[in-house]
There are 2 protein chains.
Amino acid sequence: MAVGSSELGPLYPVAGVSMATVSAGIKKAGRRDLVLFGLVEGAQVAGLYTTNAFRAAPVTLAMQHAGLGETRYFLVNTGNANAGTGAAGLRDALACCQKLAEITGTRVEQVLPFSTGVIGQPLPVDKITAAIPLASQTLATDGWLDAAQGIMTTDTRPKAASRQIHYQGHTLTITGIAKGAGMIKPNMATMLGFVFTDALIPQAQLQTMLQRAADKSFNRITVDGDTSTNDCCMLVATGSSGVGLEDQALHDQFVEALESVFLSLAQGLVRDAEGATKLVSVRVQGAASRDEALKVAYAVAESPLVKTALFASDPNWGRILAAVGRAGVEQLDVSQVGIWLGEVCIVANGGVAADYSEEQGAAVMAREEIDILIHLGRGDHQDCVWTCDFSYDYVKINAEYRT
Amino acid sequence: MAVGSSELGPLYPVAGVSMATVSAGIKKAGRRDLVLFGLVEGAQVAGLYTTNAFRAAPVTLAMQHAGLGETRYFLVNTGNANAGTGAAGLRDALACCQKLAEITGTRVEQVLPFSTGVIGQPLPVDKITAAIPLASQTLATDGWLDAAQGIMTTDTRPKAASRQIHYQGHTLTITGIAKGAGMIKPNMATMLGFVFTDALIPQAQLQTMLQRAADKSFNRITVDGDTSTNDCCMLVATGSSGVGLEDQALHDQFVEALESVFLSLAQGLVRDAEGATKLVSVRVQGAASRDEALKVAYAVAESPLVKTALFASDPNWGRILAAVGRAGVEQLDVSQVGIWLGEVCIVANGGVAADYSEEQGAAVMAREEIDILIHLGRGDHQDCVWTCDFSYDYVKINAEYRT
């Protein structure tokens, strides 16, 4: 059901990063559900965390530990979100970090825990701690695909992206993985995203780069409008290349590559969203502010009526118009509003465009990737969000998730 | 697929109101799709209209005409919303009113038009004007059920409710009909609601009564969060009983009956919402303000993940907790939050309640009518919204709506 090719392209190793993917049997016996990332000493870590007030225990702990610096490990499990688990959840997450710290001779604060899966069930600490020794013994510089598969929940495909920059004899690498297919309206990050580079970047600069890249990617996608309790997006700079970004041309090239990795991962989530058959961009231009552009874009992108019409390839543009109209824009002059489906103008001057034909609309709606453009005619701000359609399979996947 | 009994109970005539339901063949030949209400001279009319910026042409006209007073007719068609139709839409709606005015010897401003159905297609004026003579000739004091059926779109059942008040030898009657099953998050009224009484009530007081009753009923339901372009809710007091509401006891009894008619109609919409198998109330208590209570209630009531869990009768309370957490309440202290499914406490102190068992939750979720109570522990404000679950049939109905 996912949209577009599942081809990932080459996934380059990142100097200073090692990884292992093993089975702890958290939800299903034999499933490889525990991923460990090892970071070289001195690696800088930036993080974005969910804004959901019911932040999961591992997120709370990861924030605390990351704040202390000197991070050496990311310990990630799928199958259990350790969210809505109160004080016991914090104790359980800490116990897993503690086990890894003991084995590796590090301090517990140097381990950041991440969890994804069902909310509200106790973390099976014994299963996880039993699998940690094998993970720590099998850390290797390759294994991105295994890791990307290891953090999946209802995802049907692993998501990973990699870029290399060659500049004046130097090579910098950026490689990342992400997961998430439902409960997706990241407000900081996707369910889980881990991106690594061997560039040498101070932590404060790294955090700024992460925020900017996320604001153009993970923070602009929505599957169902439900922000998860477990969203985390981490960006690591190991510095192992020895190359910093003081040169402005290299810096700009690096940021472009970084943002392309982020966008590829974020769109990968939408392409593989629960039940998705289409990838849809909703771009709003001519807004009085960026907030206004986003408000309208989300109103359209999250409308169940728009999303079921997209699923049916039905150019029922009245639903887009209705969603724009209810988005809460003060004093919207509908006579100034224009709406395009792909290259076809469907609404002009507050009503159907004079030369619009149903055939034109149907031709665009039949595509697997659809661009919706809304021009509000109120100013020069714009923004864009990505979403998917709403299918029988979304209901099926979410009605049967725990059974 | 609708929830609960379809039994409507007795529908009492209202002195001063007549009605006719005929076929104009707007979408399907033979379908009775045109409803005409006649009002006695002097009847007072109060109205609430959609807040969608893309207000449909008939809504704009109904607002203008109602503002001039002396309303004598409501002309209602289904099968075509006459929305997103620009200047032509206004001209078309006016032409239908004009035809009725000519036949009945009234002024065009005394006719209020209402439309519901597909957005963005030209109103078939010729078909409607051809059917108007028969409608005006067959006006009768009874026929509520026909009228309620005549305004349906994807509704599977007519919605109507009626109450009588007996007080010191007088009888006052309130009878109303409504329609709507999708694109339902009224922000003024349901898609269409018409309630009539023979009480003698000045227009200003009637408008206040309508606003209050709608705020406790139509303005508290959501099916898919999509506010329609055509929402209208009208309350008519014909005065034909000759009985006013100066007596406070009678006034209070009347308001109670009126609000019970409104709530019955509003819940009727949710019970028959597209694909609905459950009627769900989401009540938020302990909020710092009523706005805050509503924000949380709508976040839960509109969460596709909560709604699919309700469809599956899965007590996946983690999704309710996640929706509360993302609702945007500033500085929410999750340790103060409690959540109940029916009588079962599922969340206390920010995590699963100590004595909660999955069996208890499953027993509540198996019911056809489910109450969700969320206590925020921040103040003493509260509010409640009603919604339904999210099923395969919702997707089916909305993917196939125009085919």
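Fair warning: this is a prediction, and the values are worked out from it, not measured in the lab.

**Description of the relation of the copies chain A and chain B**
Logical step 1: Mapping chain A onto chain B calls for a screw motion: a turn of 180° about the axis and a shift of 0.0 Å along it, with 0.0 Å RMSD after fitting. On the angle and the small slide along the axis, the relation comes out as a two-fold axis. Judged by C-alpha distance, Tyr392(A) is the residue of chain A that lies nearest the rotation axis, at 2.8 Å.
Logical step 2: Residue by residue, 100% of the interface of chain A is reproduced at the interface of chain B, so both copies engage with the same surface.

**Considerations on the confidence of the model for chain A**
Keep in mind that low pLDDT regions are not for reading the predicted coordinates in detail.
Residues and elements named next belong to chain A.
Logical step 1: Taken as a whole, chain A shows an average pLDDT of 88; of its residues, 97% reach a score of 70 or greater.
Logical step 2: Averaged pLDDT values over the elements of chain A bottom out at 78 in helix H11 (residues 392–399) and peak at 97 in helix H3 (residues 125–137).
Logical step 3: The complex model carries a pTM of 0.77, and its ipTM stands at 0.70.

**Topic: the interface of chain A and chain B**
Logical step 1: With 50 residues of chain A in contact, the opposing surface of chain B contributes 50 residues.
Logical step 2: Interface area for chain A against chain B, summed over the two sides, is near 4300 Å², with a carbon-plus-sulfur share of 64%.
Logical step 3: Our count for the contact surface shared by chain A and chain B stands at zero salt bridges.
Logical step 4: At the boundary of chain A with chain B, the tally comes to four residue pairs in polar contact (both at pLDDT 80 or more).
Logical step 5: Those elements giving two or more residues to the side of chain A that touches chain B turn out to be helix H8 (304–311), helix H9 (317–325), strand S13 (351–352) and H11 of chain A.
Logical step 6: The element that contributes the greatest number of residues to the side of chain A that touches chain B is H9(A), accounting for eight residues.
Logical step 7: Its residues assigned to classes, the side of chain A that touches chain B comprises 24 nonpolar, 17 polar and nine charged.

**With respect to the packing of helix H7 (residues 290–301) of chain A against H9(A)**
Residue and element names in this part refer to chain A.
Logical step 1: Closest axis-to-axis distance for the H7/H9 pair is 8 Å, and the angle between their directions is 140°. As judged from the angle between their axes, H7 and H9 are oblique. Handedness of the H7/H9 crossing: right-handed. Packed against H7, whose contacting residues are Val-296, Ala-299 and Val-300, the element H9 presents Ile-320, Ala-323 and Val-324 at the interface.
Logical step 2: Class assignment of the residues belonging to the contact of H7 with H9 gives a composition of six nonpolar, no polar and no charged.

**Topic: the packing of aromatic side chains**
All names here are of chain B.
Logical step 1: Enumeration according to the criterion identifies 23 aromatic pairs over all chains in this entry.
Logical step 2: When the ring of Phe-114 is compared with that of Phe-194, the centres are 5.0 Å apart and the planes differ by 80°; the resulting orientation is edge-to-face. With Phe-114 in strand S5 (residues 111–115) and Phe-194 in strand S8 (residues 192–197), this residue pair connects regions lying 80 residues apart in the sequence.
Logical step 3: Accessibility expressed as a relative area gives 1% for Phe-114, which makes it buried.
Logical step 4: With a centroid separation of 5.6 Å and 65° between ring planes, the pair formed by Phe-218 and Phe-262 is classed as edge-to-face. Taken as a pair, Phe-218 in the loop between helix H5 (203–215) and strand S9 (232–237) and Phe-262 in helix H6 (residues 248–271) lie far apart in primary sequence, 44 residues in all.
Logical step 5: Residue classification places Phe-262 among the buried residues on the basis of a relative accessible area of 0%.

**Comments concerning the packing of helix H8 (residues 304–311) of chain B against helix H9 (residues 317–325) of chain B**
Two quantities define a packed helix pair, namely the angle between the axes and the distance from one axis to the other.
All names here are of chain B.
Logical step 1: Two elements in contact, H8 and H9, have axes separated by 9 Å at closest approach and are oriented at 160°. When the interaxial angle is binned, H8 and H9 end up roughly antiparallel. Of the two possible hands of crossing, H8 and H9 adopt the one that is left-handed. Listed contacts from H9 to Leu-305, Val-306, Thr-308 and Ala-309 of H8 are Arg-319, Ile-320 and Ala-323.
Logical step 2: The residue makeup of the contact of H8 with H9, split by class, is five nonpolar, one polar and one charged.

**Topic: the sheet that holds S5(B)**
Residues and elements named next belong to chain B.
Logical step 1: Overall, mixed pairing links the four strands, which are arranged S1-S2-S4-S5 in an open sheet. In this open sheet, the two edge strands, each paired with only one partner strand, are strand S1 (17–22) and S5. Between one strand axis and the next, the sheet turns by 15° as a mean value, whatever way the strands run.
Logical step 2: With five bridges connecting them, strand S2 (residues 34–39) and strand S4 (residues 73–77) associate as antiparallel partners. Within S4, the position partnered with Val-35 by the bridge is Val-76.

**Side note on the pairing of strand S3 (residues 44–49) of chain A**
Residues and elements named next belong to chain A.
Logical step 1: S3 sits mainly inside the fold: five of its six residues count as buried.
Logical step 2: Summarising the sheet, S3 and strand S9 (residues 232–237) pair through six bridges and their orientation is antiparallel. Of the residues in S9, the one forming a bridge with Ala-46 is Leu-235.

Thresholds applied
- Residues numbered from 1 in each chain as written.
- Chains lettered and ligands numbered in written order.
- Predicted model: local features only at pLDDT ≥ 70, side-chain atom pairs only at ≥ 80, totals over all residues.
- Heavy atoms only, no water.
- Least-squares fit on C-alpha atoms with pLDDT ≥ 70 in both.
- Contact = heavy atoms within 4.5 Å.
- pLDDT = per-residue confidence, 0-100.
- Helix = DSSP H or I, 4+ residues; strand = E, 2+ residues; numbered from the N terminus.
- Buried area = accessible area lost by both parts, 1.4 Å probe.
- Salt bridge = Lys/Arg side-chain N within 4 Å of Asp/Glu carboxyl O.
- Polar contact = N/O pair within 3.5 Å; in protein donor to acceptor, adjacent residues only side chain to side chain.
- Nonpolar A, V, L, I, M, F, W, Y, C, P; charged D, E, K, R; others polar.
- Axes fitted to C-alpha atoms, helices over the stretch in contact; angles between N-to-C directions.
- Parallel < 35°, antiparallel > 145°, perpendicular 65-115°, else oblique.
- Left-handed = near helix turned anticlockwise from the far one by under 90°.
- Phe/Tyr/Trp six-rings, centres within 6.5 Å; stacked < 30°, edge-to-face > 60°.
- Buried < 20%, exposed > 50% of the residue type's maximum accessible area, 1.4 Å probe, protein only.
- Pairing = 2+ DSSP bridges.

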